[in-house]
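So you can see what is in the structure, the chains are spelled out below.
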Amino acid sequence: MTADTIELALEGAGAALAAESARFASFGWMRGTSGNLSVVVSRDPLRLAVTASGHDKGELTPADVVLIDGQGAAVLGGRPSAEAALHARVTALTGAGAVVHVHTVASVAMGHRSPDGIVFRDLEMLKGIGQPAHDVEVTLPVIANSQDMTELGDRLEAAYNPQIPAVVVAGHGLYVWGETPRQARHHTEVVEWLLELELSAR
């Protein structure tokens, strides 16, 4: 990609991520400066636009993004989220085009209650993540938290379940992905609904 092409792609990605961030913040899922979002800008080499660190996620502008490489290091822009490397790891592992990380009460609570994974079955909402509504059991992985993104990425890769485009990080929040920011948003909303239902049922 040329420098001009990268700048145009980053501008478009920034607009998309700002809109998605405002939506999630309105739900109370990205309070203060918590959470982060990313979208793949290039596959070869891998480049992602990631929300910049330290910004109120309800007030992001299209300029509040950083271009990172496949290891999470900044290539263009300011300082990326501390978890940028995990976003890159998820896209490389799953082939996703966008990653969402939100701090929801339900994901943290259920991560504590079900550290071995959260099982869903016989629910119409499972169709929202591409699974049948009946006669299937889907387990949402739960992994232990770490401030070391390599270690956290290793845990995510070991627990990865292709049936569900998400993982709960215990005591931290929820990571969800999809082919596009829109699909990642839909997956996030569906998985969060499932977590809220399970939490209320218990």
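Conventions adopted
Residues numbered from 1 in each chain as written. Predicted model: local features only at pLDDT ≥ 70, side-chain atom pairs only at ≥ 80, totals over all residues. Heavy atoms only, no water. Helix = DSSP H or I, 4+ residues; strand = E, 2+ residues; numbered from the N terminus. Polar contact = N/O pair within 3.5 Å; in protein donor to acceptor, adjacent residues only side chain to side chain. Salt bridge = Lys/Arg side-chain N within 4 Å of Asp/Glu carboxyl O. Buried < 20%, exposed > 50% of the residue type's maximum accessible area, 1.4 Å probe, protein only. Pairing = 2+ DSSP bridges. Contact = heavy atoms within 4.5 Å. Axes fitted to C-alpha atoms, helices over the stretch in contact; angles between N-to-C directions.

Enquirer: In this structure, what is going on with the side chain of Ser42? I would like to understand it.
Expert: As for its position among the elements, Ser42 is in strand 1 (residues 36-43). One polar contact links the side chain of Ser42 to the main-chain carbonyl oxygen of Pro45, over a distance of 2.7 Å.

Enquirer: Looking at this model, I keep getting lost on the pattern of salt bridges. Mind explaining?
Expert: For side chains of opposite charge, pairing can occur when their charged atoms come near one another. Taken as a whole, this structure holds 7 salt bridges when the rule is applied. Two residues, Arg89 and Glu157, come together in a salt bridge whose shortest N-O distance is 2.9 Å. Of the two residues, Arg89 sits in helix 2 (residues 84-94) while Glu157 sits in helix 4 (residues 149-159), which places them 68 residues apart along the sequence. According to the relative accessible area criterion, Arg89 is partly exposed, its value standing at 24%. Salt bridges here are not isolated pairs; linked through shared partners, they connect Arg89, Asp154 and Glu157.

Enquirer: Just checking my understanding: could you explain the sheet that holds strand 10 (residues 173-178) for this structure?
Expert: Sheets are built from strands paired through backbone hydrogen bonds, the pairs being either parallel or antiparallel. The strand order across the open sheet built from 8 strands is 4-3-2-1-5-10-9-8, with neighbouring strands paired in mixed fashion. The open sheet has two free edges, formed respectively by strand 4 (74-76) and strand 8 (142-143), since each of these has just one partner strand. Here helix 2 sits on the sheet and contacts strand 1, strand 2 (46-51), strand 3 (65-68), strand 5 (98-102) and strand 10; the angle it forms with strand 2, its principal contact strand, is near 135 degrees.

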